[in-house]
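# Structure assessment
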Amino acid sequence: MAKAEKTPEFLVALLVEDHPGVTMKIAGMFARRGINLTSFTGASSEKKGFSRIIMKAEGDSKVFEQIYKQMNKLIEVVKVKTLLPDNAIMRELALVKVDIKDAADRQAVISLNDIFRNRVTNITPKTMTIEVVGSTGKIDSFVSLVTEQVNIRELARTGTIALYRGEDSIFMD
Amino acid sequence: MKDQKKKKPILTGTAIIKKVLKESGNTTLFGYPGGAIMPFFDEIFGDNKIKQILMRHEQSAGHAAEGYATASGKLGVCMTTSGPGATNLITALANAFYDSAPILAFSGQVNTSLIGNDAFQEADLIGATMAVTKHNYLVKDVRDLGRVFKEAMHIASTGRPGPVFIDLPKDIQLAECSLKEPIPEKINLVGYNPNVYSKAASRQISHALKMVMNARYPVILAGGGVSISNAYQQLTELANLLKIPVVNTIKAKGVIDDYHPYALGAIGMHGRQRSNFAVSEADVLLAIGCRFSDRITGDLDKYPGQGNAKVIHIDVDAAEIGKNVPVDLPIVADAKLALTEMNRQIRALKGKKKELKTNSWWYRWIKEMKENDGIPNMVEKGPEGGIYPEKVMYELDRIMNPRDIIVTEVGQHQMYAAHYLKFRHPRTFITSGGLGTMGFGFPAAIGAKVAKPRSEVWLIAGDGSIQMNSHEMATVKQHDIKVNMIILNNGYLGMVRQWQELFHEKRYAGTDLGFVRNGKQEYWPDFVKLGEAYGLKGRKVTDPRKLGKALQESKASKETFIIEVATEKGSNVLPMLPPGGALNTLYNREGEKKSIYDYYRRLPRTDSELKEFKFVRVNPIK
């Protein structure tokens with residue numbers, strides 16, 4: 001049996017006017033066209049009244065092209081760009097709360113943290129909360145490795161945020 | 001006293017709206033009142049510069065605004081109250097969105113303090129209209145009102161036009177605006193710059209010309225965009241300069257004179273077979289302002305030119321280019337500007353360069369297709385005693401003035417009209433093309449008549465569709481609006497019945513509008529009597545020979561006249577393309593599945609084929 005191919009993904013970065021309901025309009029566009037969003041992050045940008053939204057969605061280049069054009073049609077969307085791994089800095093943050101039964105568990109997690117250069121943000125006799133920063137792949141592999149040692153009690157991920165490398169930027173002219 | 005004179009009067013929200021509408025010349029409003037929009041209705045009450053048409057349903061108000069916009073090329077305005085009033089409008093907004101009609105729609109909303117509290121007649125219209133409008137606004141501050149209305153009008157009528165919806169809380173309508181300039185002179189929309197023309201387009205156009213001129217079988221496909229951008233003169237000029245055939249979508253009827261020697265007519269599922277054949281044989285398709293909807297393409301793998309043709313696509317909306325059909329040469333531009341430039345470039349070519357590579361067979365074929373192009377005059381009744389719809393089109397075509405406006409509902413009658421009637425001028429055929437909204441026609445005909453009071457407006461309806469909004473008979477009576485209503489009554493939802501006959505083994509589920517009671521076949525309503533209830537006159541026609549006279553009587557009438565035509569029950573719109581099938585397959589007039597090559601000779605593709613090719617007429621089906 002051939003392994004099913006991984007669905008291709010693309011990353012879209014938007015600069016949008018910060019009005020109530022804008023998020024709904026953008027997310028609604030994906031839903032309406034039957035495109036699965038795998039990650040969605042939005043918060044204020046460097047410019048007052050404008051937000052930066054970064055989304056990851058499933059689809060090939062044809063899907064991306066259609067989304068790119070549809071996004072451009074939304075009045076509140078000022079800029080649309082795609083970001084690729086070789087021209088962008090991408091980061092995701094995860095908070096991982098694990099159950100700790102004994103000192104051996106604790107030691108195992110700490111050694112994993114050393115390798116991944118994670119920070120422990122909270123520790124109790126029975127839990128440890130770890131902050132993992134990096135690419136989606138790094139977080140995925142940390143999660144799978146830590147699961148081999150201990151039980152994950154809670155996991156929260158931010159989704160990917162990204163900026164162009166160097167002087168290229170997505171901002172208002 | 002002096003001080004008071006100097007002071008500018010403080011404007012309320014509704015006064016700002018009225019001022020913006022008046023200043024922009026949009027003084028015809030289609031609407032329906034209710035609690036949350038009362039302040040605005042009160043504002044325009046007694047103002048003789050504003051024409052307010054009271055419809056009988058909010059959906060009709062939206063459709064009437066679209067009919068008005070389509071017939072006139074101007075913005076259509078409609079308004080409703082909150083909650084159910086506004087949700088009733090959604091179908092009309094969706095219809096206008098699909099057919100890219102410039103509509104400004106606004107509805108009342110509960111007071112801002114009540115929003116989100118599930119107040120009486122509250123509904124989230126921003127959420128509900130999001131998917132069916134070009135843009136929408138909720139105004140929460142009276143100081144934004146002037147700007148929002150100006151922006152909304154601008155967005156609705158520029159670029160690819162579309163409906164814009166504004167949600168207006170009641171307290172905002174009543175609030176006083178403290179701004180010195182409540183209506184800004186200029187608007188600044190950073191995220192909205194429709195690309196109507198760019199330098200890049202000129203270069204693309206010269207590439208396009210090369211492709212067209214080197215083609216053997218080039219075809220122009222004109223879509224609704226040609227009508228919207230008023231590019232009909234440019235289109236005709238292009239066809240004349242290049243001498244290539246023009247086919248059109250249903251939304252582009254009238255953009256080229258149907259009597260023009262290169263105008264082949266509508267394409268698509270119920271279009272002209274000659275047009276479908278032309279696209280099926282084409283090697284270069286120049287598409288202008290169309291969406292390549294599934295109803296015109298059929299099987300996308302075999303579209304166009306059986307999947308081998310090169311496609312040039314001109315559209316003002318970049319998102320339409322490459323959405324359904326892969327495009328070899330995209331041109332993002334307004335149709336009128338692009339065609340003007342294309343014609344300029346052709347005229348600049350000298351001597352022989354103007355000659356196309358195409359061969360004489362193409363012209364001979366086109367010429368033959370244009371012969372005997374009339375509508376069949378089916379004077380006899382059908383086997384079930386009804387009048388053939390073709391006969392109605394035949395008589396209507398005889399009585400119609402070229403400037404008359406034809407409006408249709410949705411169904412078989414719509415396809416008969418689109419297939420057979422000849423249009424000579426743009427904006428004379430108004431129909432629901434994209435969404436296919438039954439109930440669109442009658443209110444749209446009202447809007448069209450209001451926009452063009454001197455043109456005769458003919459509504460072609462089916463007995464199914466007309467019942468969706470037949471209450472508008474009250475509107476035409478009250479406002480003295482004349483519409484010639486032709487109702488093709490076959491007692492069925494004919495188009496669905498046709499599909500059931502062809503694809504569902506004649507199981508007529510839910511399509512028979514009549515019923516048998518106590519062994520007797522009954523059918524209600526009697527449309528002429530229905531008209532009488534509204535104070536309108538009409539005539540029921542059961543004899544095909546009396547049809548012409550009835551149409552004359554309607555034309556001569558000063559007010560709305562209803563002609564109910566006892567239509568042959570089993571008549572089907574044929575030939576048609578099989579759903580999802582390629583353009584070179586069809587159901588013929590007998591409902592048998594055929595290849596188009598049973599009717600047309602395949603045209604030669606290579607030079608050697610061309611040498612041996614003999615033109616043989618194969619019983620064309622047009």
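On a predicted model such as this, the values are computed, not experimentally measured, just so you know. (Residues numbered from 1 in each chain as written. Chains lettered and ligands numbered in written order. Predicted model: local features only at pLDDT ≥ 70, side-chain atom pairs only at ≥ 80, totals over all residues.)

When its secondary structure is counted, chain B shows 25 helices and 22 strands. A globule of 622 residues ought to have a C-alpha radius of gyration of about 25 Å, and chain B, at 26 Å, matches this closely. Judged by the C-alpha coordinates and their principal axes, chain B covers about 95 × 70 × 45 Å. Among the 622 residues that make up chain B, the fraction classed as buried is 54%. (Helix = DSSP H or I, 4+ residues; strand = E, 2+ residues; numbered from the N terminus. Rg over C-alpha atoms; globule rule 2.2 N^0.38 Å. Buried ≥ 20, exposed ≤ 12 C-beta atoms within 10 Å, placed from the backbone.)

Attention shifts here to the overall build of chain A. Helix and strand counts for chain A stand at 4 helices and 9 strands. With respect to the principal axes defined by its C-alpha atoms, chain A has extents near 55 × 50 × 30 Å. Scored against the burial criterion, the 173 residues of chain A give a buried share of 26%.

The next thing to look at is the domain arrangement of chain A. Domains assigned within chain A are domain 1 (9-83) and domain 2 (89-157). For domain 1 of chain A versus domain 2 of chain A, the separation of C-alpha centres amounts to 30 Å. (Domains from an automatic or database assignment.)

Residue and element names in this part refer to chain B. Where helix 10 (residues 199-213) contacts helix 15 (residues 335-348), the axes come no closer than 10 Å and their chain directions differ by 55°. When the interaxial angle is binned, helix 10 and helix 15 end up oblique. Once helix 10 is placed against helix 15, the crossing between them reads as right-handed. For the pair helix 10 and helix 15, contact is made by Ala-201, Ser-202, Ile-205, Ser-206 and Leu-209 and by Ala-338, Glu-341, Met-342, Gln-345 and Ile-346, respectively. The residue inventory of the contact of helix 10 with helix 15, partitioned by class, reads 6 nonpolar, 3 polar and 1 charged. (Axes fitted to C-alpha atoms, helices over the stretch in contact; angles between N-to-C directions. Parallel < 35°, antiparallel > 145°, perpendicular 65-115°, else oblique. Left-handed = near helix turned anticlockwise from the far one by under 90°. Contact = placed C-beta atoms within 7 Å. Nonpolar A, V, L, I, M, F, W, Y, C, P; charged D, E, K, R; others polar.)

All names here are of chain B. The parallel open sheet is built from 6 strands, whose spatial order is 14-13-15-16-20-19. Looking along the sheet, the strands with just one partner apiece sit at the ends: strand 14 (429-430) and strand 19 (537-541). Relative to strand 16 (residues 484-489), strand 15 (residues 457-462) runs parallel, the two sharing 5 bridges. Opposite Trp-458, over in strand 16, you have Asn-484 as the bridge partner. Sheet strands in contact with helix 19 (residues 441-451) are strand 13 (405-408), strand 14 and strand 15, and its direction is about 175° off that of strand 15. (Pairing = 2+ DSSP bridges.)

The next point concerns the domain arrangement of chain B. Residues and elements named next belong to chain B. As assigned here, chain B comprises domain 1 (2-174), domain 2 (199-370) and domain 3 (389-566). One C-alpha centre belongs to domain 2, the other to domain 3; they are set 32 Å apart. Each partner contributes to the interface: domain 2 provides 15 residues, whereas domain 3 provides 14 residues. Partitioned by chemical class, the residues of the side of domain 2 that touches domain 3 number 5 nonpolar, 5 polar and 5 charged.

So, about the environment of Leu-221 of chain B. Residues and elements named next belong to chain B. By the element assignment, Leu-221 lies in strand 7 (residues 218-222). Exposure remark for Leu-221: the 28 C-beta atoms within 10 Å place this residue in the buried category. C-alpha of Leu-221 to C-alpha of Leu-285: the two residues are 64 residues apart in sequence and 6.9 Å apart in space. In this structure Leu-221 touches Val-247, Val-279, Leu-285, Leu-286, Ala-287, Ile-288 and Cys-290, once residues within four positions along its chain are discounted.

For the rest of this paragraph, the subject is the pairing of strand 2 (residues 51-54) of chain B. Residues and elements named next belong to chain B. With 4 bridges connecting them, strand 1 (residues 28-31) and strand 2 associate as parallel partners. Paired with Gly-31 across the two strands is Leu-54, which belongs to strand 2. As for the winding sense of the linkage, the β-α-β connection from strand 1 through helix 3 (residues 38-44) to strand 2 is right-handed. (Right-handed = clockwise from strand over helix to strand, strands pointing away.)

All names here are of chain B. Strands sit in the order 9-8-7-10-11-12 across an open sheet of 6 strands; the sheet is parallel. Each edge of the sheet is formed by a strand with only one pairing partner; in this case those strands are strand 9 (263-266) and strand 12 (329-332). Here the strands of the sheet are splayed against their neighbours by 15° on average, with no regard to which way each runs. Pairing of strand 7 with strand 8 (residues 246-248) involves 3 bridges; the strand directions are parallel. Counted as the bridge partner of Leu-221 is Val-247 from strand 8.

Side chains that are three or four residues apart share a direction in an α-helix, a result of its 3.6 residues per turn. Residues and elements named next belong to chain A. Of the residues making up helix 1 (residues 22-32), those classed as buried are Lys-25, Ile-26 and Phe-30. Along the long axis of helix 1, the arc covered by the buried residues comes to 135°, so they all point the same way. Away from its buried face, by an angle of more than 90 degrees, helix 1 presents the exposed residues Ala-31 and Arg-32. Where helix 1 is buried, its residues contact strand 1 (9-17), strand 2 (37-44) and strand 3 (50-58). Immediately downstream of helix 1, the backbone of Gly-34 shows phi near 70°, a positive value. (Arc of directions from axis to C-beta.)

Now for the nonpolar core. Residues Leu-221, Leu-235, Leu-459 and Ile-486 of chain B are the most contacted members of the largest nonpolar core, which totals 211 residues. Listed in part, the 12 residues of the second largest apolar core include Ala-94, Val-96, Val-98 and Ile-100 of chain A. (Core = buried A, V, L, I, M, F, W, Y, C linked by C-beta atoms within 7 Å.)

Here we come to unusual backbone geometry. Residues and elements named next belong to chain B. Cis geometry marks the peptide bond from Tyr-303 to Pro-304; its omega dihedral reads -20°. Checked against the element boundaries, Pro-304 lands in the loop between helix 14 (294-297) and strand 11 (310-315). Backbone torsion omega between Leu-574 and Pro-575 reads 0°, so that peptide bond is classified as cis. When you line up the elements, Pro-575 lands in the loop between strand 20 (561-566) and strand 21 (585-587). At Ser-100, a residue that is not glycine, the phi angle is positive and equals roughly 50°. With respect to the element layout, Ser-100 can be found in the loop between helix 6 (90-98) and strand 4 (103-109). At Phe-292, a position not held by glycine, the phi torsion is positive, near 50°. Within the fold, Phe-292 resides in the loop between strand 10 (284-288) and helix 14. Judged by local crowding, Phe-292 falls into the buried class, with 25 C-beta atoms found within 10 Å.

What follows covers the interface of chain A and chain B. Counting residues at the interface gives 16 residues for chain A and 14 residues for chain B. Secondary-structure elements contributing two or more residues to the side of chain A that touches chain B are helix 1, helix 2 (61-73) and strand 4 (77-83) of chain A. Of the residues contributing to the side of chain A that touches chain B, the split by class is 5 nonpolar, 4 polar and 7 charged.

With that settled, consider the pairing of strand 1 of chain A. Residues and elements named next belong to chain A. For strand 1, a buried count of 7 out of 9 residues is recorded, marking the element as mostly surrounded by other parts of the structure. As defined by bridge partners, strand 1 adjoins strand 3 across 9 bridges and the pair is classed as antiparallel. Counted as the bridge partner of Phe-10 is Ala-57 from strand 3. One ladder, built from 6 bridges, connects strand 1 with strand 4; its direction is antiparallel. Counterpart to Ala-13 in the pairing with strand 4 is Lys-81.

In this section: the environment of Ser-470 of chain B. Residue and element names in this part refer to chain B. Examined against the element boundaries, Ser-470 turns out to sit in the loop between helix 20 (463-466) and helix 21 (473-479). Looking at Ser-470, the number of C-beta atoms within 10 Å reads 22, which means it is buried. Along the sequence, Ser-470 and Phe-442 sit 28 residues apart, while their C-alpha atoms lie 7.5 Å from each other.

Bringing the packing of helix 3 (residues 103-116) of chain A against helix 4 (residues 136-149) of chain A into the picture now. Residues and elements named next belong to chain A. At their nearest, the axes of helix 3 and helix 4 sit 10 Å apart, and the two run at 160° to each other. Put simply, helix 3 runs roughly antiparallel to helix 4. The interaxial crossing formed by helix 3 with helix 4 has right-handed handedness. Contacts from Asp-105, Ala-108, Val-109, Leu-112 and Phe-116 in helix 3 reach Lys-138, Phe-142, Leu-145, Val-146 and Gln-149 in helix 4. Across the contact of helix 3 with helix 4, the residue classes tally to 7 nonpolar, 1 polar and 2 charged.

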